[in-house]
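Analysis of the macromolecular model
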Amino acid sequence: MFLDKFRNRYSFNFLSICGWIIFLLLCVFLISIISAMFSPYSGFPGIAFAFLFLLILALNIIFYLLTFFIYVFDIISWKRITNEKFLNNKYIKIFQTLGIIFSFLPIILVVLFLIVGFIQDIIYNIRGIE
């Protein structure tokens, strides 16, 4: 698999742990949005949720930068994980793979928001809606 050559690096494992942190923050974020939508006494504070999402995105970028610095340190110091029991554990591989996917989730969401907005703008221009 493509990721097998990176699994023994500390930077890869750090990024997968950060991906799980981002996933937990996004779950709390989505639960708060859903609870605000169904609460009869509160308005929908879209600006506050956009600000919180931008904070999660900024934290994700900080995690990327820290991962890059750890990767550079891995290359310079030739430090790698050598524990074969850890590297060959199927649960660890699943944990790492899902963590990497979750670490790219905020960026994927931003791209989807931009694509949906672009398509919506095209549809509104075709229909003549202001």
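Here goes a summary of the coordinates provided. (Residues numbered from 1 in each chain as written. Predicted model: local features only at pLDDT ≥ 70, side-chain atom pairs only at ≥ 80, totals over all residues. Heavy atoms only, no water.)

Attention now goes to the overall build of the protein chain. Of regular secondary structure, the protein chain possesses five helices and zero strands. Counting from the amino terminus, the protein chain carries its helices and strands in the arrangement α-α-α-α-α. Computed over the C-alpha atoms, the radius of gyration of the protein chain is 19 Å, more than 25% above the 14 Å expected from 2.2 N^0.38 for a compact globule of 130 residues. Expressed as lengths along the three principal axes of its C-alpha atoms, the size of the protein chain is roughly 60 × 35 × 25 Å. Per-residue burial for the protein chain yields a buried fraction of 25% across its 130 residues. For the protein chain, the proportion of contacts with a sequence separation of at least 24, taken over those separated by at least 6, is 82%. Positive and negative charge centroids in the protein chain, built from 9 and 5 side chains respectively, lie 15 Å apart. (Helix = DSSP H or I, 4+ residues; strand = E, 2+ residues; numbered from the N terminus. Rg over C-alpha atoms; globule rule 2.2 N^0.38 Å. Buried < 20%, exposed > 50% of the residue type's maximum accessible area, 1.4 Å probe, protein only. Contact = heavy atoms within 4.5 Å. Lys, Arg positive; Asp, Glu negative; His and termini not counted. Charge placed at Lys NZ, Arg CZ, Asp CG, Glu CD.)

What follows deals with the nonpolar core. A general feature of soluble globular proteins is that nonpolar side chains tend to end up buried together. Counting residues in hydrophobic clusters, the biggest one holds 10 residues: Cys18, Ile22, Leu26, Phe29, Ile33, Ala36, Phe49, Phe53, Ile56 and Phe63. Counting residues per element, this core draws most heavily on helix α1 (residues 10-38), which supplies six residues. Sequence-distant contacts of Ile56, that is, excluding residues within four places in its chain, are made with Ile22, Leu25, Leu26 and Phe29. (Core = buried A, V, L, I, M, F, W, Y, C linked by side-chain atoms within 4.5 Å.)

A few words now on the side chain of Thr67. With respect to the element layout, Thr67 can be found in helix α2 (residues 46-77). For Thr67, a relative accessible area of 10% gives the class buried. Other than its neighbours up to four places away in sequence, Thr67 contacts Ser11, Phe14 and Leu15.

Taking 1.5 Å of rise per residue, the 32 residues of α2 would be expected to cover 46 Å, and the 46 Å separating its terminal C-alpha atoms lies within 8% of that figure. All of the buried residues in α2 are Phe49, Phe53, Ile56, Leu57, Asn60, Phe63, Tyr64, Thr67 and Asp74. Where α2 is buried, its residues contact α1, α4 (90-103) and α5 (105-127). Trailing α2 by a residue or two, Trp78 shows a phi angle of about 60°, which is positive. (Expected span 1.5 Å × (residues − 1).)

We now examine the side chain of Asp74. Looking at the element boundaries, Asp74 is found in helix α2. Summary of buried charges: Asp74 has no salt-bridge partner, and the nearest side chain of opposite charge, Arg9, is 5.0 Å away. (Salt bridge = Lys/Arg side-chain N within 4 Å of Asp/Glu carboxyl O.)

Remark: α1 packs on α4, axes separated minimally by 7 Å, with the N-to-C direction vectors making an angle of 60°. Of the two possible hands of crossing, α1 and α4 adopt the one that is left-handed. Of α4, the residues touching α1 (which contributes Phe12, Asn13, Leu15, Ser16, Ile17, Gly19, Trp20, Ile22 and Phe23) are Phe95, Gln96, Leu98, Gly99, Ile100, Phe102 and Ser103. Class assignment of the residues belonging to the contact of α1 with α4 gives a composition of 10 nonpolar, six polar and no charged. (Axes fitted to C-alpha atoms, helices over the stretch in contact; angles between N-to-C directions. Left-handed = near helix turned anticlockwise from the far one by under 90°. Nonpolar A, V, L, I, M, F, W, Y, C, P; charged D, E, K, R; others polar.)

Helix length check: α1, at 29 residues, gives a terminal C-alpha distance of 42 Å against a target of 42 Å (1.5 Å per residue), a fit within 8%. Restricting attention to buried positions, one finds in α1 the residues Ser11, Phe12, Asn13, Leu15, Ser16, Cys18, Gly19, Ile22, Leu26, Phe29, Ile33 and Ala36.

Okay, the environment of Leu105 next. Note on placement: Leu105 falls in helix α5. Along the chain, Leu105 and Phe23 lie 82 residues apart, while their C-alpha atoms are 7.9 Å from each other.

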